[in-house]
Amino acid sequence: MATIMTVDDTASMRQMISFTLNSAGHEVTQASDGEEALKHARKKKFDLVIADINMPNMDGITLVKQLRDLPEYKFTPILMLTTESQEAKRQQGKSAGATGWIVKPFNPEQLLNVVKKVLG
Amino acid sequence: MAIDIRQFHQTFLEESLDGLARMEALLLRLEQDLAHAPAGAVQDADPETLNTIFRVVHSIKGSSGTFGFRDITDFAHVLESLLDIMREGRVGVTRELINLLLKAGDGLRHLLTAAQTHAPVEEPMIQALRGELEALLSGGVRDRRPARTNDPAATGAGNSAGPWHIAFRPKPHLFKTGNDPLRILRELEGLGKLRVQAETDGLPAWGQFDPETCYLAWRIDLAGDAPRAAVAEAFAWVSDDCQLEIVPAPARRPKAPDPKPHAPEADHPHDAAEGRVNSIRVNIPKVDALVNTVGELVITQAMLGQIANNFTPDKLPILLTGLAQLERNLRELQDSVMSIRMVPLGFIFGRLPRLVRDMCQRLGKNVEIRIGGERTELDKTVIERISDPILHIIRNCMDHGIEAPAARRAAGKPEIAHIRLDAYQKGGNVMIEIEDDGRGLQREKIHAEAVKRGLIHADTPMDAEHMDHMIFVPGFSTAEVINDISGRGVGMDVVHNNITDLGGNVEVASEPGKGTRFAIRLPLTLAILEGLSVVVGTQTYILPLVSITESIRVGQGGLSRLPGGGEVFMLREEYLPLIRLYERFDIAPRSTNVADGIIVVVEAEGRRVGLFVDDLLGQQQVVIKSLETNYRKIDGIAAATIMSDGTVALILDVGSLTRAARAGTGRRFRGTDAAAPVLEERGAGGAMH
């Protein structure tokens, strides 16, 4: 059982990710952009953060940078949601300190596999 | 674990449609900027605007794939590619491009609604749009879609099989990306039998040891026949953070046939069995208020229960306080529940700038629309049913009301015409006003048409208000040219009927050469009515409070009988038809003498009539129960309700009563000192300019 934060400006994706992770027994917090995610992260330590890249207010790459600056998030796994055509963004995310990525589209089983992989 | 992905479809479709509306509004704004740009292209468009537009399509693309809408993903991908190069400034933002993007947005909306309603997709239209988008893309810029490889880290011969010999040397910063070599080793373990050897050469002396740095390296032997791609996949996230060698180890047995890489199966084909869910999105504060009220209700109930448990007469005052509290709680609960059904008018208004823009292009007119009051809320059902009437009125303003630029110049008016749209709440009603600064209703034409249709005699004088109201008569149209926008003769009467069906009304005022103004009044909700209960004989009837203007007593001498048989009475210099409700519904009254009862003056469609009743009982909110659903339609009765004593009371249909009265008296009679038209009394004339 882990506490996981999902960050996405798309409500349907957030819902799908939360629902999937919940049903696997994880506790999930939702945030709709980087700013909101950062607020949550300052209050509580999550075991895993799954963040979209393109978001209003604060995008995923900035969020990764900011999270890595917080002492509690130095080594926390942070996964980015990317699409097939976003290789450049993926690299930017990596250099900002992201752990890895999940390529959209994905189905619930794929998501759970990746999460299992990072949570060990 | 099987998760039914379809449960998220509704959210996805709704938010995507919302996004498209946002994108459209931004594109229209860009187009306006363009109108002021000298070079015919916006070079320095606001990057945030372009980003937001991009994000809308990007989100749709990303989620649609996940939710199994491949055709939407494919279309969105092409559109996204174009938006991307636009965002990067590689194509100029021109009028043509905006046109194409608007059309592409329509295409995407079509695909989304088709998915929502399980309707067929208009393939030729989508393909044509795709073609246009791709043509623009290939004009210098390539489609950036990479091949659908399973793993970008897998290069070259990805499908050869193991066993493998792997050298994994992480760079010192590996931990700082949140990665952990142990996890990778564990994943490899899932692929086959592992033999791992750590290289400790990199370890520094204890004094210099930094616990956040990775000093170790590993040599790994992976037995079995795992494909290279699967092995590389385990290292995909760290490929830049390590030195990695994956080389085939001497094979112990011949290569096994390729296991098929798991193909992402289409999640669930959306079968037609799934009906469309009619959902409503509610702000959290509204739900919180609801929960609060329910909490208070529970407390009140507990208190009342306690009083009732061992009741003694001295507890009566507490009981009454408790009941008063219960009433307040219930009223709050009712308000909260009603507010959940409330949707802001922006839902409809948001579509109008696009409509106006498209019509401008088609009609060669130059019109700006100014919208206010988007946040005014109305019941969802009312919103759904008022949308078409509003669109129709706007179309009419554009088509008939507003002159061509040349005509406007000739009339000394600014070439750019304006349509003003405003909404606000007024008591239990919402007012929507639509006003243009066009030429106004053409009363000579209306008069001529009315004579032609035999609605009036050629020599009958008509006051301006009455004439303007003629446009709501079924089939009435003065459009000289029938075109595809309006003027098909169906229209304003349908507008009028739709609005009255909703329990509202629409009034029109016009000033020649200056403009036309429509004022729509709508009830906030269709479920509850603020009414006045009146008594006729032994029956109780409910009159909608909005249609009542006043109640008066008239002596028997105040009545006059018309040659046609109708009765009228005089109210401040004006004769109004009188309807004796006991006659109308054929029941025995307490008295047939008007002096013994009360006349309630009601107004509908700009006409007033007096209803003779025995007595007024009082004002109250009633829950509307459809008579048609539960019994059958009765002329003169709008619906029914259940009173506090359990009896059924009928809600009167004031519109049909006044119409019947007008038919009975032929035309409206006025005193010598005719009052000015209703709208002008309210200062509408002044607001025209």
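Residues numbered from 1 in each chain as written. Chains lettered and ligands numbered in written order. Predicted model: local features only at pLDDT ≥ 70, side-chain atom pairs only at ≥ 80, totals over all residues. Heavy atoms only, no water.

Caption draft 1: A look at the side chain of K61(B). Relative to the assigned elements, K61(B) resides in helix 2 (residues 47-66). Residue K61(B) is classed as buried on the basis of its relative accessible area, which comes to 7%. There is a polar contact of 3.2 Å between the side chain of K61(B) and the side chain of H77(B). Leave out the neighbours within four places in its chain, and K61(B) touches T83(A), S85(A), T73(B), A76(B), H77(B) and E80(B). (Helix = DSSP H or I, 4+ residues; strand = E, 2+ residues; numbered from the N terminus. Buried < 20%, exposed > 50% of the residue type's maximum accessible area, 1.4 Å probe, protein only. Polar contact = N/O pair within 3.5 Å; in protein donor to acceptor, adjacent residues only side chain to side chain. Contact = heavy atoms within 4.5 Å.)

Caption draft 2: Fine view of the packing of aromatic side chains. Enumeration over the complete set of coordinates arrives at 10 aromatic pairs over all chains. Note on F12(B) and F69(B): the rings are 5.6 Å apart at their centroids and 15° apart in plane angle, and the pair reads as stacked. On the criterion of sequence distance, the pair formed by F12(B) in helix 1 (residues 9-36) and F69(B) in the loop between helix 2 and helix 3 (70-87) is long-range, its members being 57 residues apart. Both residues of the pair, F12(B) and F69(B), count as buried. Three or more aromatic residues link up through ring pairs in this structure, and these residues are F19(A), F8(B), F12(B), F67(B) and F69(B). The ring centre of W237(B) lies 4.5 Å from the NZ or CZ of K117(A), which sits over that ring. It is R87(B) that lies over the ring of F54(B); its NZ or CZ is 3.6 Å from the centre. (Phe/Tyr/Trp six-rings, centres within 6.5 Å; stacked < 30°, edge-to-face > 60°. Lys NZ or Arg CZ within 6 Å of the ring centre and 35° of its normal.)

Caption draft 3: Region of interest: helix 6 (residues 181-189) of chain B. Here helix 6 of chain B has its buried residues at P181(B), R183(B), I184(B), L185(B) and L188(B). Tucked into the core, helix 6 of chain B has its buried residues touching helix 5 (108-119) of chain A together with strand 3 (164-170), strand 4 (194-199), strand 5 (217-222) and helix 7 (228-234) of chain B. For helix 6 of chain B, the N-terminal capping position is held by D180(B), with its side-chain oxygen 3.0 Å away from the main-chain nitrogen of L182(B).

Caption draft 4: Examining the interface of chain A and chain B more closely. Taken together, the contact pairs 46 residues of chain A with 45 residues of chain B. Three residues stand out in chain A for area buried against chain B, namely F75(A), S85(A) and K117(A), and they jointly supply 17% of the buried area on that side. Linking chain A with chain B are three salt bridges, by the criterion used here. On inspection of chain A and its partner chain B, the count reaches 16 residue pairs in polar contact (both at pLDDT 80 or more). When residues of the side of chain A that touches chain B are traced back to their parent elements, those giving at least two are helix 1 (11-23), strand 4 (78-83), helix 4 (87-96), strand 5 (100-104) and helix 5 of chain A. Tallied by class, the residues present in the side of chain A that touches chain B amount to 19 nonpolar, 17 polar and 10 charged. (Buried area = accessible area lost by both parts, 1.4 Å probe. Salt bridge = Lys/Arg side-chain N within 4 Å of Asp/Glu carboxyl O. Nonpolar A, V, L, I, M, F, W, Y, C, P; charged D, E, K, R; others polar.)

Caption draft 5: Looking closely at the pairing of strand 3 (residues 48-52) of chain A. All names here are of chain A. Among the five residues in strand 3, five count as buried, and that is most of the element. In strand 3, alternate side chains face the same way, and those of L48, I50 and D52 on one face and V49 and A51 on the other are all buried. Pairing analysis gives four bridges linking strand 1 (residues 3-7) to strand 3, with the strands arranged parallel. When the bridges of strand 3 are listed, V7 appears paired with A51. Note that strand 3 and strand 4 share four bridges and pair parallel. (Pairing = 2+ DSSP bridges.)

Caption draft 6: Inspection of the sheet that holds strand 23 (residues 637-642) of chain B at higher detail. Residue and element names in this part refer to chain B. Spatial strand order, 22-14-15-24-23: five strands in an open sheet with mixed pairing. For this open sheet the edge positions go to strand 22 (615-623) and strand 23, each flanked by a neighbour on one side alone. Averaged over all pairs of adjacent strands, the angle between their axes in this sheet comes to 35°, without regard to strand direction. Judged from the two bridges that link them, strand 15 (residues 539-544) and strand 24 (residues 648-652) form a sheet pairing that is parallel. From the neighbouring strand, I542 faces strand 24, where its bridge partner is I651. (Axes fitted to C-alpha atoms, helices over the stretch in contact; angles between N-to-C directions.)

Caption draft 7: The arrangement of the packing of helix 12 (residues 380-401) of chain B against helix 16 (residues 492-501) of chain B in detail. Residues and elements named next belong to chain B. Packing of helix 12 against helix 16 leaves a shortest axis separation of 9 Å and a crossing angle of 150°. In terms of orientation, helix 12 and helix 16 fall into the roughly antiparallel class. The handedness of the crossing between helix 12 and helix 16 comes out as left-handed. Along its contact with helix 12, which presents R385, I386, P389, H392, I393 and N396, the element helix 16 presents M492, V495, N498, I499 and D501. (Parallel < 35°, antiparallel > 145°, perpendicular 65-115°, else oblique. Left-handed = near helix turned anticlockwise from the far one by under 90°.)

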